[in-house]
Each structure stands twice: as structure tokens, then as C-alpha cells.
Amino acid sequence: MTRGLLGRLRRLKRRLTPGGGVSERAVKSGIWATGANVVGRGLQLVKLVVLGNLLGPQQFGLVAYALLTLAAMRRSSKLGIKEALIQKEADDVTDYLDTAWTLETLRGVALAALAVAAAPYVAAFFGEPRAEPVVKAMAVVPLVMGVQNPGIVYFRKDLAYDRQFVYLVGKSVVSAGVAIGVALVDPTVWALVLGDVAGVLTATLLSYVLHDHRPRPALDRAKVGEMIGYGKWITASGVVVFLITEGDDAFVGWLLGSTALGLYQYAYKLSNAPATEVTQVISTVIFPTYAKLQDDAANLRRAYFKTVQLTTFVSVPLAVGIVAVTPTFVEAFLAPEWEAAVRVMQVLALWGLLRSIGATTGPLFQAVGKPDVATKIQVGKLAILAVAIYPATAAYGIEGTAAVVVGNALLFSAPVSTYLSVRVVEGSYRRFFAILAYPLAASGVMYAAVSFVGTTLTVGPLLTFAGMVATGVATYGAAILAMETWGSYGLRDVIQTVTGAVTE
């Protein structure tokens, strides 16, 4: 019996090993990437729930100061090297790897040194002396990331996500295990710090285990110019994206303090978890897929709309479901001090939905050689955020901050990026909105059913939460099937594409 099971698992792995044409490889890679993100997100959720009960919002706020500092440095110095190598039409980029590794190593050393030097000023800026040693300790992260094996770029370039799965899951397992283990013994901010450091160390080790390239110091001036020439807009975009995605965190920490920042970031991580992971899968798998199709207009258009369909099919019900179950989830799993984050979680869940849809556009612009488009859209978002965030936060606290972030995406960036992406693929806006209408309608039905169960069940928060989740899954599935039967959503084609890639 055991041999039979092992045999079936080996056959399944062979079927899922990325191969064949671009479309088949993209689907199989998407399955692996989704698996990695499901496992990683599951571990992250367990980690957040356990640490949320062992640590308080203030502890999360302290490590958030360090993460914000590193994110600012990392974004402002992002060279776009990996993206440049993936975008190149040539399959073999080995000649570029040593130069890429040298650049990333130098960048990692510089970021680590800068983080240590900046730690006292970061603590002074936020008015939190306890943040200084945390920032210094977290300086290890960019240093270790800088020396990772550049050969892992092939995991994405060649859509070899079976190896990427091991790389990502290994990092997540160690990070969550170390953080929870330390917190059980010493429930302080250092559990979060050591968990992050352990995860990065594991990822670096796995990068050398999973790919046989062994980098050596090298700086080829022509190759440096080529890679950085492509990546300059990604560097600029990185700065703007940091100010948009992390600037609200920094503002909350500066204006409202570490406890408010801890609540805000915790709410973001829980509410954005599923939708953000859809974004992660899309941005990592679809970018190299788009890049391989950049000169094939018909297939590029087909790939874009199929990506939108897959993304919205998953992310819309997840976001709507989070809005519905968040109060019961917090009551069932977290300490009372986290109840202040409930409404923020619900608002930010909608932002996660918008981000997941937007994830279909950024990789498209990069793949067709127009990374400047995404940067220009982000600049517009930043201008709106800069004007609105202070009065909203001062008047309504972290709920006001969340409302500005969501409103910015809903009224500006999402419509503009969608308009431009459909133009790039020479597609139809009617087709885009028709694709979006099905999961929106089904999710509306699901929300009504889940809310009804949540208000009528009187079996305690844990069982009520389980009942709400089960109701949501069943209702959404039934609604989509009904629309498939009497409409033209095309879900069967999606299912056949995925199952065909697995069974071939």
C-alpha cells in the first residue's frame, strides 16, 4: 500500500514538473506557485495567530519600525536585475549571473551598513528608543539576501516552479517555526526578529542547494549598463511603491505610535493575506509568461484575459469573505486587545482585492518593455495619498488611513491601469468587465449567506466561524456553477486548462 502511494505521488510530481509549451508550463508553474503560497500563507496565518496571543500590538509595532527601515532602503536601491534577466528573450543568461551576484552582494553590504548607522535616527524619528537595537539586528537580512545564488532566477525565467516551491516553503517553515518556538520561551519582539532572520538564512542556503551555479566576483561594465538600463524604471517604481505601500505604515507609526502601528500592520497582514498571495503568484508566474509572448499579440491578449479570470475567480470571494468573517475570526482566535483592528481589517481586505487585480497589469507593462507606465501610475497614487492621509488619520485614526488607501486604489490606480493594460493587449473593455461581473455577483450572494449564518448561529465564536466559512465556500461554488450553467463565464475552459496540464 505504501509503495502504491509513493508511486502515485511520483507520477503526480512528474506530471506537474513544468514542461511543454509556454501555456502548459505557465499553468503547471501556477499550480506549484499557488501550492507554495497556500502552504506559506497557512504557516504565516498560524504564526500571526499564535504570536498575536503571545505578544501585544506594541511588540509588532517595534519590529514594524525595522521592517519599514529595511523596506525603504531595499526599494530605493532596487536594481531590477532579476526582472531584466527574466525579460530578456534569450533563454541562457548564465554570462550575466556573476555580475548580477556581485552587484547584489555590494548592495546587501551597503544596505546592512546603512541600517546599522541609521538605527539611532530611526528610533529618534519615531520617538521609540526600543526600536534602535531591533533595526540593528534586522540589518542582517539584506546582508544575507545579497549573497543568494543568482541562478535561482531560472526558477522564474524557465517557469521551473517545482524548485521554487521548495525554496519558498522551506523559508516559510523555518521562519514560522523559529518565531513561534522563541515566543513560547521568550514572548518579546525578538521572536519576530529571529524568525525573519532564520527564514532568510534558510532561503540563501536553499538557493545553493537547488541550483548548481556557483557565483564568483565579476563586474562586466557592458552587462551592468544593460541590466541597470532596463531596471532604472523599476528602481524608480520601487521608491514610489514603497511610499504608497509602506508610507501609510510609517505615517501611522510617526503620528499615532507603536501600538497603533502594530494594530494597523497586523490588520493588513491578516486581511490582505489571501488576496496578496494571489498577487504574488500572478506577479511571479505571469511576468515571465508575458515576456515569452511579448511578440505574439493574439496569445498575449488571450493570456492577459485568462489571467484576469483566474485572479478574480479566487481573489474576489476571498476578499469579500474576509469582510464577512473578520469580527467572528477575531473573537474566536485573538485576544480582546486586537478587536480595535476589526474594522481596519475589513477595509483593507478590499484593498487586497484591488491589488490582486492590479497584479495582472504591472507584469504586463514590464514584459512588453514599458516599465515606466506602472511607475507613472504609482506617482499619481502617491500624490493623492500625500494630500489625503494626514487629515483622514488625524480625524479617524487608523480607520481613516485605511479608507484613504482603498479609495485611492478604487478611484484612481485601478481604473487607469486597467484602461492602459487592455489597450496594450488590444483587447475589449466589455470583455474585461464581463469577466469581473461573474465573481462579483457570486460573491455578493455568498456575503449575504455568510452574514446570515453569522447573525443567527449561537454556538460560540469558534463553531460560528467554521459554519460561516463552510457556508461561504458552498454558496460561492453553487453561485458560480449556476452562472456557468445559464451564462457564459467559461469556467469549464479554465478547469480543463489546469487539469489538462496536470494529466498530460
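Computed from a predicted structure; not experimentally measured.

## What to know about the overall build of the protein chain
Secondary structure summary: the protein chain contains 22 helices and zero strands in total. Relative to its 504 residues, the protein chain shows a buried fraction of 54%. Restricting to contacts in the protein chain with at least 6 residues of sequence separation, those with at least 24 account for 83%.

## Things to note about the packing of aromatic side chains
Per the stated rule, a full pass over the model turns up 15 aromatic pairs. Plain terms: the ring middles of Phe251 and Trp254 are 5.8 Å apart, the flat faces sit at 50° to each other, and that makes the pair tilted. Linking Phe251 with Trp254, this pair stays in helix H12 (residues 247-256), spanning three residues, or about one helical turn. Here Phe251 and Tyr390 contribute two aromatic rings whose centre-to-centre distance is 5.9 Å and whose plane-to-plane angle is 85°, an arrangement assigned as edge-to-face. In this pair, Phe251 is assigned in helix H12 and Tyr390 in helix H18 (residues 371-396), connecting sequence segments 139 residues apart. Judged by its relative accessible area of 15%, Phe251 falls in the buried class. Connected via pairs of aromatic rings, a cluster forms that spans Phe60, Tyr266 and Trp338. A cation over a ring is seen here: Arg355 above Trp351, with NZ or CZ 5.1 Å from the ring centre.

## Some details on the confidence of the model for the protein chain
Here the protein chain shows a mean pLDDT of 81. Residues at 70 or above account for 79%. Within the protein chain, no element has a lower average pLDDT than helix H1 (residues 2-16), which sits at 44, and none a higher one than helix H20 (residues 429-456), at 93. Residue range residues 5-21 is modelled with pLDDT below 50. Its contacts to residues more than four positions away, or to other chains, number 27 contacts. Across residues 498-504, where pLDDT falls below 50, the model places 13 contacts with residues more than four positions away in sequence or in other chains.

## Considerations on helix H16 (residues 342-358)
Taking 1.5 Å per residue, 17 residues should reach 24 Å; H16 reaches 25 Å between its end C-alpha atoms and fits that length. Residues of H16 that are buried: Val342, Val344, Met345, Leu348, Ala349, Trp351, Gly352, Leu353, Leu354, Ser356 and Ile357.

## Re the pattern of salt bridges
Applying the stated criterion across every chain, the model contains five salt bridges. One salt bridge connects Lys47 with Asp196, and the closest N-O pair in it is separated by 3.7 Å. Here the residue Lys47 occupies a position in helix H2 (residues 22-54), and Asp196 occupies one in helix H10 (residues 189-210), the gap between them amounting to 149 residues. For Lys47, a relative accessible area of 8% corresponds to the buried category. Overall, Asp196 belongs to the partly exposed group, its relative accessible area being 22%. A salt bridge links Arg343 to Glu399, with the nearest nitrogen and oxygen atoms 3.8 Å apart. Of this pair, Arg343 sits in helix H16 while Glu399 sits in helix H19 (residues 398-424); the two residues are 56 residues apart in sequence, bridging distant segments of the chain.

About the cut-offs
- Residues numbered from 1 in each chain as written.
- Predicted model: local features only at pLDDT ≥ 70, side-chain atom pairs only at ≥ 80, totals over all residues.
- Heavy atoms only, no water.
- Helix = DSSP H or I, 4+ residues; strand = E, 2+ residues; numbered from the N terminus.
- Buried < 20%, exposed > 50% of the residue type's maximum accessible area, 1.4 Å probe, protein only.
- Contact = heavy atoms within 4.5 Å.
- Phe/Tyr/Trp six-rings, centres within 6.5 Å; stacked < 30°, edge-to-face > 60°.
- Lys NZ or Arg CZ within 6 Å of the ring centre and 35° of its normal.
- pLDDT = per-residue confidence, 0-100.
- Expected span 1.5 Å × (residues − 1).
- Salt bridge = Lys/Arg side-chain N within 4 Å of Asp/Glu carboxyl O.

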